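Reading the structure
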Amino acid sequence: MRVNFTVNGRRHEADDVWEGESLLYVLRERMGLPGSKNACEQGECGSCTVRLDGVPVCSCLVAAGQVEGRDVVTVEGLADFAAHRSDAHPGTGCAPGACGTALDSARRWKAAPAGEETRDTGELSPIQQAFIDAGAVQCGFCTPGLLVAADELLERTPQPSDADIREALSGNLCRCTGYEKILDAVRLAAARAEETV
Amino acid sequence: MGVTGSPTNINQGTRTKGGIGESTLRPDGILKVTGEFAYSSDMWHEDMLWGHTLRSTVAHAEIASIDISEALATSGVYAVLTYDDLPTAMKNYGLEIQDTPVLAHGRVRHHGEPVALVAADHPETARRAAAKIRIDYRELPVVTDEASATAPGAPLIHEGRDDHHIGHVPHPNIVHRQPIVRGDAEAAKARADVVVTGDYYFGMQDQAFLGPESGLAVPAEDGGVDLYVATQWLHSDLRQIAPVLGLPEDKVRMTLSGVGGAFGGREDLSMQIHACLLALRTGKPVKIVYNRFESFFGHVHRHPARLHYEHGATRDGKLTHMKCRIVLDGGAYASASPAVVGNASSLAVGPYVIEDVDIEALALYTNNPPCGAMRGFGAVQACFAYEAQMDKLAAELGMDPVRFRQLNAMEQGTLLPTGQQVDSPAPVAELLRRVKAMPMPPERQWESAGEHPDVRALPGGLSNTTHGEGVVRGVGYAVGLKNVGFSEGFDDYSTARVRMEVIGGEPVATVHTAMAEVGQGGVTVHAQIARTELGVAQVTIHPADTKVGSAGSTSASRQTYVTGGAVKNSCEAVREQVLEMGRRKFGTYHPAWATAELLLEGGKVVTDGGEVLADVADVLEDEAVDIELEWRHRPTEAFDLRTGQGNGHVQYSFAAHRAVVEVDTELGLVKVIELACAQDVGKALNPLSVVGQIQGGTIQGMGIAVMEEIMVDPVTAKVRNPSFTDYLLPTILDTPTIPVDVLELADDHAPYGLRGIGEAPTLSSTPAVLAAIRNATGLELNRTPVRPEHLTGL
């Protein structure tokens with residue numbers, strides 16, 4: 001079958017998709033976007049978390065056909081998504097479940113070109129920069145999913161308590177860090193956001 | 001003696017920015033947060049096929065026949081391979097004993113053993129074709145424990161063993177056995193006022209690295225193969241892969257692709273040979289990616305263990321003697337079992353002074369899943385038992401458990417049961433003092449938030465199973481002793497190639513090693529070492545491959561020590577050569593070239609007094625200095641096979657934990673509130689990474705204490721829970737805060753005085769949590785993990 005959807009602000013068309021393929025497989029193997037990770041493919045680890053019409057989901061549990069006409073944000077598009085968040089949501093914060101980006105505004109973005117060696121770290125989203133600065137990245141396999149989930153948390157709850165962070169990230173397994181530095185990273189991103197307000 | 005303090009103030013200044021001692025950031029960090037870092041499962045090649053492995057559905061059986069015809073006829077399938085398709089007479093591999101078949105021949109010995117391979121144009125096609133392979137199994141009785149493995153008439157897991165351990169084991173179903181006898185434990189027992197014994201069981205833990213086993217094999221025009229794979233030791237893989245493929249090692253070119261964690265689980269081969277076989281057969285690139293279910297069968301696990309311990313102590317709290325027997329279940333193939341036995345026996349006494357000991361450790365061959373390396377490697381099982389014993393003795397004597405441990409703590413100069421003297425700082429009593437002195441988390445934290453209890457802080461969390469009634473708190477302590485590096489006479493070397501040249505007017509260093517970066521941060525540290533030794537701002541880390549000599553394994557807490565040492569060594573040689581070039585070019589201009597101690601700092605040649613003699617760019621001009629050297633730590637020796645005596649280890653690391661838990665005694669639910677750790681790291685080359693490693697290791701130890709266990713059916717030897725649904729890993733909701741106190745007491749024998757750090761925190765966190773749960777409940781609790789039924793008496 002053919003699936004049409006928007007990924008990181010760019011319209012895509014995937015052909016010859018087998019009905020059993022997951023969104024994760026289509027992103028990784030057909031779109032050339034391997035940033036969403038394949039750690040359990042059972043919805044248990046959160047490594048493949050993407051936003052589907054703004055809602056964080058395990059892309060391994062979404063059948064490719066379900067995304068027809070919908071809008072997906074992956075870790076590859078996170079920096080751009082964060083940079084244009086205010087376009088999508090004038091004002092501050094939004095109610096749980098009400099977040100997400102309308103297709104109209106999504107279409108205005110351009111996906112960042114990949115692979116530059118000399119990327120200015122200013123192009124990272126605040127949560128991406130905070131993960132690096134706090135030492136929250138070790139092997140990094142859980143990182144893309146955690147970033148997508150943490151970014152959505154901060155969009156919803158700009159100043160989360162530790163309990164809020166733990167609850168929001170409880171669907172994302174990390175085997176390397178012991179989570180402490182991931183908590184540090186989310187706290188850091190929240191604190192930096194408060195400073196700039 | 002080094003600097004002490006918390007991780008925030010160990011960041012001592014160094015002269016070169018970004019050098020050792022600083023919390024520099026990961027060079028691969030940006031790629032990892034943008035999703036652009038290429039892990040082994042992300043590889044892609046034009047015209048690529050997908051490989052799939054068909055695995056045994058039974059634990060022990062003769063294979064009467066295999067029919068691949070229907071699978072082979074499936075549209076989209078390019079190859080189906082069985083044992084008969086292996087190209088050479090070398091059909092087995094293994095880390096130490098070559099007992100593991102590439103594909104089962106004649107017999108399968110454990111549930112999930114690879115039997116056949118399929119290559120197809122879509123992963124689902126490969127899976128469906130594999131399901132059409134018909135195998136006629138004739139099931140055999142299984143052996144699953146010591147009694148069944150050594151019973152008269154027990155089936156032999158490996159008939160006709162010819163490995164070098166066979167002469168020293170009492171039964172062919174025992175892989176290896178190591179006794180350690182020192183003094184006279186039986187005579188010393190007479191001095192004891194109290195004697196305590198205990199029987200303990202340590203469950204089978206999985207490394208559960210998140211990046212699945214995966215890689216891409218690309219056939220080459222010269223008949224060889226290029227393999228891109230996630231592993232812990234490229235050269236060890238190469239040594240095992242090439243003979244099976246019938247290729248010389250230079251025709252199997254290996255490049256490390258992104259590794260999503262390892263923890264010992266990538267020391268053994270998984271899909272490496274399979275992908276190469278399929279690629280060579282089809283002439284096309286073949287990618288294999290295990291799903292999580294297959295990953296549980298695709299790597300070895302931590303040895304489950306049964307441990308019997310006896311300790312005695314005098315009324316005034318001095319240990320008199322120790323006797324123990326440790327039986328490790330190695331499963332169907334040897335993997336690293338012999339070395340795990342060596343560690344379990346030689347570290348069985350823990351960080352305590354006991355002169356009279358009688359120790360025996362052995363590993364079994366059974367039809368259970370194969371077990372091998374995992375973080376802590378034989379030392380964690382022993383630590384769980386001896387720390388429980390310490391608490392038992394302290395209770396018998398009416399002493400504080402920390403005080404009792406401190407009274408018996410080893411220190412620099414102590415003799416281990418192997419007769420080896422500990423010749424570097426061993427701050428066991430100090431680490432216990434520090435961890436005990438850390439502030440305690442507030443009592444009944446769930447009440448502090450407001451009038452209503454915050455159920456998120458309670459055992460059971462949002463399940464809302466309690467509002468605090470029936471919840472009791474407990475505190476427990478533990479400390480552990482781990483060796484660093486490969487022991488028992490292993491030639492544990494590493495290689496580093498360092499190049500220095502001028503690019504764009506600036507001196508640049510390139511570090512090339514075969515070290516597997518598995519997340520531990522070795523690449524960060526190598527750049528820091530090069531900046532420190534060569535005084536350059538820009539350091540490039542070359543991708544790890546087999547074009548440079550072996551770096552040894554990323555395991556045993558050894559990489560920063562050994563490959564870090566090799567990088568330092570090669571940098572020093574490069575520096576000497578640069579200085580020599582400088583002397584030849586500019587020596588006549590300034591007497592200091594001949595008389596002063598010279599350094600490279602900030603791209604310049606400077607005297608130790610800080611006087612600048614030349615720009616490195618002017619010394620090098622368009623020449624490059626390029627040096628590859630091997631580096632070895634001090635040699636070790638094998639343990640005597642009867643007495644266990646020998647200088648077997650090169651370095652030790654120590655960590656102490658204090659666990660605070662709250663237990664809902666009605667439902668048997670445990671919440672670990674805090675796991676405080678104090679660890680000596682010798683020298684923190686990167687304090688941020690050091691703390692990250694300690695926290696990660698701590699949580700892996702907590703996992704085995706309260707939730708992680710691979711369940712193997714005792715009757716069929718089949719794995720019951722090979723998924724993240726059923727094998728429980730700690731989530732961020734399960735983990736406590738982890739304050740860390742880092743001590744830096746230099747080991748004068750190690751580069752920069754550093755001490756391997758990765759494993760020690762995994763040892764002591766498990767028994768600390770168990771001790772805290774015992775303290776809270778008053779129950780004996782002699783197995784890991786502790787489940788609700790153990791706490792409620794069901």
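Residues numbered from 1 in each chain as written. Chains lettered and ligands numbered in written order. Predicted model: local features only at pLDDT ≥ 70, side-chain atom pairs only at ≥ 80, totals over all residues. Heavy atoms only, no water.

- Looking at an unreviewed UniProt entry, one finds chain B named Molybdopterin-dependent oxidoreductase and attributed to Streptomyces castrisilvae.

- As recorded in an unreviewed UniProt entry, chain A goes by the name (2Fe-2S)-binding protein, listed as coming from Streptomyces castrisilvae.

A closer look at the overall build of chain B
- Helix and strand content of chain B: 20 helices and 31 strands.
- Among the 794 residues that make up chain B, the fraction classed as buried is 65%.
- Taking contacts inside chain B between residues at least 6 apart in sequence as the whole, the part at least 24 apart equals 79%.
- Just so you have it, chain B exposes about 26800 Å², and 50% of that area is on carbon and sulfur atoms. (Helix = DSSP H or I, 4+ residues; strand = E, 2+ residues; numbered from the N terminus. Buried < 20%, exposed > 50% of the residue type's maximum accessible area, 1.4 Å probe, protein only. Contact = heavy atoms within 4.5 Å. Areas by Shrake-Rupley, 256 points an atom, 1.4 Å probe, with all protein chains shown as cover.)

Some thoughts on the overall build of chain A
- In terms of regular secondary structure, chain A is built from 8 helices and 5 strands.
- Moving toward the C terminus, one meets the helices and strands of chain A in the order β-β-α-β-β-β-α-α-α-α-α-α-α.
- Across the 197 residues that make up chain A, the buried fraction comes to 56%.
- Taking as baseline every contact in chain A between residues at least 6 positions apart, the subset at least 24 positions apart corresponds to 61%.
- Taken as a whole, chain A presents about 7700 Å² of accessible surface, with 49% of it coming from carbon and sulfur.

Some points on empty space enclosed by the protein
- According to the stated counting rule, one finds 5 cavities of 30 Å³ or more in the structure shown.
- Put simply, the largest cavity is a space of about 270 Å³.
- Lining the largest cavity are 22 residues, with Y93, T100, H110, L269 and G298 of chain B sitting closest to its centre.
- Only β5 (100-101) and α8 (292-298) of chain B provide two or more residues apiece to the lining of the largest cavity.
- Residue classes in the lining of the largest cavity are distributed as 11 nonpolar, 8 polar and 3 charged.
- Residue lining of the second largest cavity: 16 residues in total, with G135 and V137 of chain A together with R26, L688 and S689 of chain B positioned closest to the centre.
- It is helix α18 (residues 687-706) of chain B that contributes the most residues to the lining of the second largest cavity, 4 residues altogether. (1 Å grid on protein atoms, 1.4 Å probe; cavity = no way out; pocket = protein on both sides within 12 Å on 5 of 7 lines; lining within 4 Å. Points joined across faces, edges and corners; volume = space filled by probe spheres on them. Nonpolar A, V, L, I, M, F, W, Y, C, P; charged D, E, K, R; others polar.)

Some remarks on the interface of chain A and chain B
- The interface of chain A with chain B comprises 55 residues on the first partner and 63 residues on the second.
- Summed over both partners, the interface of chain A with chain B buries about 4600 Å², with 59% contributed by carbon and sulfur atoms.
- Scanning the region where chain A abuts chain B turns up 6 salt bridges.
- Taking the shortest distance from any N to any O, the salt bridge between E29 of chain A and K287 of chain B comes out at 3.2 Å.
- Linking chain A with chain B are 26 residue pairs in polar contact (both at pLDDT 80 or more).
- Elements with a contribution of two residues or more to the side of chain A that touches chain B: α1 (23-30), α5 (126-133), α6 (143-156), α7 (162-168) and α8 (180-196) of chain A.
- Here the residues of the side of chain A that touches chain B sort into 25 nonpolar, 15 polar and 15 charged. (Buried area = accessible area lost by both parts, 1.4 Å probe. Salt bridge = Lys/Arg side-chain N within 4 Å of Asp/Glu carboxyl O. Polar contact = N/O pair within 3.5 Å; in protein donor to acceptor, adjacent residues only side chain to side chain.)

Thoughts on the sheet that holds strand β8 (residues 134-139) of chain B
- Spatial ordering of the open sheet is given by β6-β2-β8 (chain B), a layout of 3 strands whose pairing is antiparallel. Lying at the two open borders of the sheet, with one neighbouring strand each, are β6 (107-108) and β8 of chain B. (Pairing = 2+ DSSP bridges.)

With respect to the UniProt feature "domain: Aldehyde oxidase/xanthine dehydrogenase a/b hammerhead" (unreviewed entry) in chain B
- UniProt's entry tags residues 34-141 of chain B with the feature "domain: Aldehyde oxidase/xanthine dehydrogenase a/b hammerhead" (unreviewed entry), counted in the numbering of this structure.
- Helix makes up 13% of residues 34-141 of chain B and strand makes up 35%, while its end C-alpha atoms are separated by 51 Å. (UniProt positions renumbered as here; feature names shortened; annotations may be inferred.)

Section: the domain arrangement of chain B
Residues and elements named next belong to chain B.
- Here the domain parsing of chain B yields domain 1 (7-35 + 493-632), domain 2 (40-140 + 212-259 + 266-298) and domain 3 (426-484 + 650-792).
- Each partner contributes to the interface: domain 2 provides 8 residues, whereas domain 3 provides 9 residues.
- Buried area between domain 2 and domain 3, summed over both chains or domains, comes out near 720 Å², and the portion from carbon and sulfur atoms is 76%.
- When the buried area of domain 2 at its contact with domain 3 is split by residue, H111, R292 and F296 rank highest and sum to 63% of it.
- Our count for the domain 2 to domain 3 interface comes out at 0 salt bridges.
- For the pair domain 2 and domain 3, the interface holds 2 residue pairs in polar contact (both at pLDDT 80 or more).
- By residue class, the composition of the side of domain 2 that touches domain 3 is 5 nonpolar, 2 polar and 1 charged. (Domains from an automatic or database assignment.)

Describing the environment of S22 of chain A
All names here are of chain A.
- Along the chain, the position of S22 falls in the loop between β2 (10-14) and α1.
- It is 4.9 Å that separates the C-alpha atoms of S22 and A64, two residues lying 42 residues apart in sequence.
- Excluding residues within four positions of it along the chain, S22 makes contact with S59, C60, V62, A63 and A64.

What to know about the confidence of the model for chain B
- Here chain B shows a mean pLDDT of 96. Residues at 70 or above account for 98%.
- Every residue in residues 1-14 of chain B is under pLDDT 50, and counting partners more than four places away or in other chains gives 32 contacts. (pLDDT = per-residue confidence, 0-100.)

Describing the sheet that holds strand β13 (residues 252-256) of chain B
All names here are of chain B.
- As summarised here, the arrangement of the 7 strands in space is β3-β7-β1-β14-β11-β12-β13, forming an open sheet in which the pairing is mixed. Only two strands of the sheet have a single neighbouring strand rather than two, namely β3 (77-81) and β13. In this sheet, adjacent strand axes meet at a mean angle of 20 degrees when their direction is disregarded.
- Bridge count between strand β12 (residues 225-229) and β13: 5 bridges; the pairing is parallel. (Axes fitted to C-alpha atoms, helices over the stretch in contact; angles between N-to-C directions.)

Overview of the nonpolar core
- Counting residues in each nonpolar core, the largest one holds 105 residues, and the members touching the most others are Y309, M322, I326, V769 and I773 of chain B.
- The element contributing the most residues to this core is helix α10 (residues 379-397) of chain B, with 12 residues.
- Membership of the second largest hydrophobic core comes to 52 residues, among which are C40 and L154 of chain A together with F37 and C371 of chain B. (Core = buried A, V, L, I, M, F, W, Y, C linked by side-chain atoms within 4.5 Å.)

Points about the environment of N464 of chain B
All names here are of chain B.
- Tracing the backbone shows N464 in the loop between α13 (445-448) and β20 (471-484).
- Judged by relative accessible area, N464 falls into the partly exposed class, the value being 43%.
- Taking the C-alpha atoms as reference points, N464 and D454, separated by 10 residues in sequence, lie 9.5 Å from one another.

Brief notes about the side chain of S765 of chain B
- Relative to the assigned elements, S765 of chain B resides in helix α19 (residues 760-777).
- Excluding anything up to four places from it in sequence, S765 of chain B contacts H657, L675, G697, T698, G701 and M702 of chain B.

Brief notes about the pattern of salt bridges
- As enumerated under the stated definition, the model contains 65 salt bridges over all chains in all.
- Its salt-bridge partner being E21 of chain A, residue R30 of chain A comes within 2.7 Å of it at the nearest N-O pair.
- Here E21 of chain A falls in the buried class, since its relative accessible area comes to 2%.
- E186 of chain B is the partner of K323 of chain B in a salt bridge, and the nearest nitrogen-oxygen pair spans 2.4 Å. Of this pair, K323 of chain B sits in strand β17 (residues 319-329) while E186 of chain B sits in helix α5 (residues 185-189); the two residues are 137 residues apart in sequence, bridging distant segments of the chain.
- The network of salt bridges with shared partners includes R497, R499, E501, D626 and E628 of chain B.

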